[in-house]
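Topology and contacts: notes
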Amino acid sequence: MSKPTLGIIGGGQLGSMLSIAAKKLEIKTVIFCDNLDAPAQKFSDHFIHGSYDDIKKINEFLNKTDVITYEFENIPYQTLNTINKSKPVLPKPSVNRIVQHRLAEKDFINKLNIRTTMYSSVEDKSEINSMQDLLPGLLKTTTLGYDGKGQHLIDSIEDLNKLDIDFSKGYILEKLVKLKKEISVIITRFSDKKYEVYEPIENVHEDQILKFSSIPAEISNKILEQSKTWAIQIAEELKYVGTLCVEFFIDRNENLYVNEIAPRVHNSGHLTINAYNVSQFENHVRSVCKLEQIPLKKISNAKMTNIIGDQINVYRNRQFTQNEFFFDYLKKQIKSKRKMGHLTTLIN
Ligand code: ADP
Ligand code: MG
C-alpha cells in the first residue's frame, strides 16, 4: 500500500518537527501556512502560502494531500470543516472546536468529573462584583491566547478599572491556583483503548512562557497515576486520533487540576525526540497516517530549555557535548518573548 501524503496546517516549529518525523517514516508533507516565511517549509516537501480562508488555496492543499492535521489550535473551525468534507482531518475538527475555547474546554473537563480551577465566563465588567470568590484570578480571553497572551491578573475590582478591556470579545475569569508545580502528560491515541502515554513532564514557566521541561517530574506516585489516568480519559472521551497534551497544575496542598488541553504536539514534549524510542511527533504521524503503533521505551532522563528571543545568538555560536541536542527554529526575525529554538540535554 502506498503511503499517504500528510498535509499540515501551520508552519512554525511544531510543523517543522512533524515534517522531520514524517520524512523519517518516508511520508511526504505539505505545509499550508499564512506566513510566507514559515520555517517549516524548509523541512517539508511542499509549501502552500495562503490565508486560511482562501478557498482556492484550500483546494490546492486538498489536491496535494491525503490526510490533514494541524500544528496549532487557532484555525477557523470553518476551514477545518470544509477540508474535512473531502479529506480526513485528524484530530477531527469537533475536538478543536471544544479545545480552542477556554469555556467550552473547562465545561467539557468538568463534565468528566476531572478537576479544574474554579471559573466563570465574564460578559461585562460589572459581573466581576459578584465573583469575589474567584479573586485573585486571571482574566483570560476565551479564544486565541497563547504563551500568556491576553491574560490579566486581577487582585481586586480596582485592577479592572485600570485595564481597557473589550468584554464583547469573550472573557473567562479563573481563580488563581497557588502553584507548587506544573506538569504535562502527552498521549498519542491510535484508536479505541489503543494509545501510548509518555511519563509526566515537569514544566517551569517564566513570564507565563514555558522555559524548562524535564523528566522525571518530581511528583508523588499518586499524582503520576492520576495525571496519566485523566489524560487517557480525556483522549478516550474525545475519541482522539493523534498526539494530545494535557497541562496540569499541582497546588500547595497536592491537589491536581487540569489547566488546559492542547490538541496537538506540545512544546513540553520536545525532549521526547531524544529521550524516547518514538517521539511525540513521530507518534502523531504514525497515528494520523494509520501506521504501526510501537510500544514506548524511555532511553534517558532529559531536560529541555526553551531558547527565547536574542538568547538564540549565544546558542548559534556555541559548541555542544554529545548529550546536548540543539534545535534552531530558523525563524527569520528575532523577537523578544518569541521561541527561537530549544536545547535538550540527556541526563543519565
Ligand atoms: P496559554 O494558552 O497562554 O498557555 P495558560 O492558561 O496555560 O495559557 O496559562 C499560561 C501559564 O500561566 C500557565 O502555564 C501558568 O503558569 C499560568 N496560569 C494560568 N492560569 C493560571 C491559574 N488559574 N492559576 C495559576 N497560574 C495560572
Ligand atoms: Mg498553556
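Residues numbered from 1 in each chain as written. Chains lettered and ligands numbered in written order. Predicted model: local features only at pLDDT ≥ 70, side-chain atom pairs only at ≥ 80, totals over all residues.

**Looking at the overall build of the protein**
Which entries qualify depends on this criterion: Runs of E in the DSSP output that reach at least two residues are strands. Runs of H or I that reach at least four are helices, and both are numbered from the N terminus. The globule rule used for comparison is 2.2 Å times the number of residues to the exponent 0.38, while the radius of gyration itself is calculated over C-alpha atoms. The burial label depends on the number of other C-beta atoms within 10 Å of a residue's C-beta. Counts of 20 or more mean buried, 12 or fewer mean exposed, and intermediate counts mean partly exposed, with C-beta atoms placed from the backbone.
Each helix and strand in the protein was counted, giving 10 helices and 17 strands. Relative to the compact-globule value of 20 Å for 348 residues, the protein shows a C-alpha radius of gyration of 20 Å, a close match. In terms of principal-axis extent, the alpha carbons of the protein reach across some 60 × 50 × 45 Å. Looking at the protein residue by residue over its 348 residues, the buried ones come to 39%.

**What to know about the site of ligand 1**
In plain terms, the rule: Any residue whose C-beta atom, as placed from the backbone, lies within 6 Å of a molecule or strand is termed near it. Note that Gly is not counted as nonpolar here; it falls among the polar residues with everything else outside the nonpolar set of Ala, Val, Leu, Ile, Met, Phe, Trp, Tyr, Cys and Pro and the charged set of Asp, Glu, Lys and Arg. Domain start and stop points were drawn from an automatic or database domain assignment.
Taken together, the neighbourhood of ligand 1 is formed by 16 residues, with Glu 174, Leu 176, Val 177, His 205 and Gln 208 sitting nearest. Residue assignment for the shell around ligand 1 shows that the elements contributing at least two residues are β9 (179-191) and β14 (256-262). Grouping the constituent residues of the shell around ligand 1 by class yields 5 nonpolar, 6 polar and 5 charged. If you count residues domain by domain, the shell around ligand 1 takes at least three from each of domain 2 (118-175) and domain 3 (179-347).

**Some words on unusual backbone geometry**
Looking along the chain, the bond that leaves Leu 90 and enters Pro 91 is cis, with omega of -10°. By the secondary structure assignment, Pro 91 is in the loop between α3 (77-86) and α4 (93-99). The phi dihedral of Glu 254 falls on the positive side, at around 65°, and the residue is not glycine. Position of Glu 254 among the secondary structure elements: in the loop between β13 (242-251) and β14. Of note, Lys 337 is a non-glycine position whose phi angle comes to about 70°, a positive value.

Remember that the coordinates give geometry; whether it matters functionally is a separate question.
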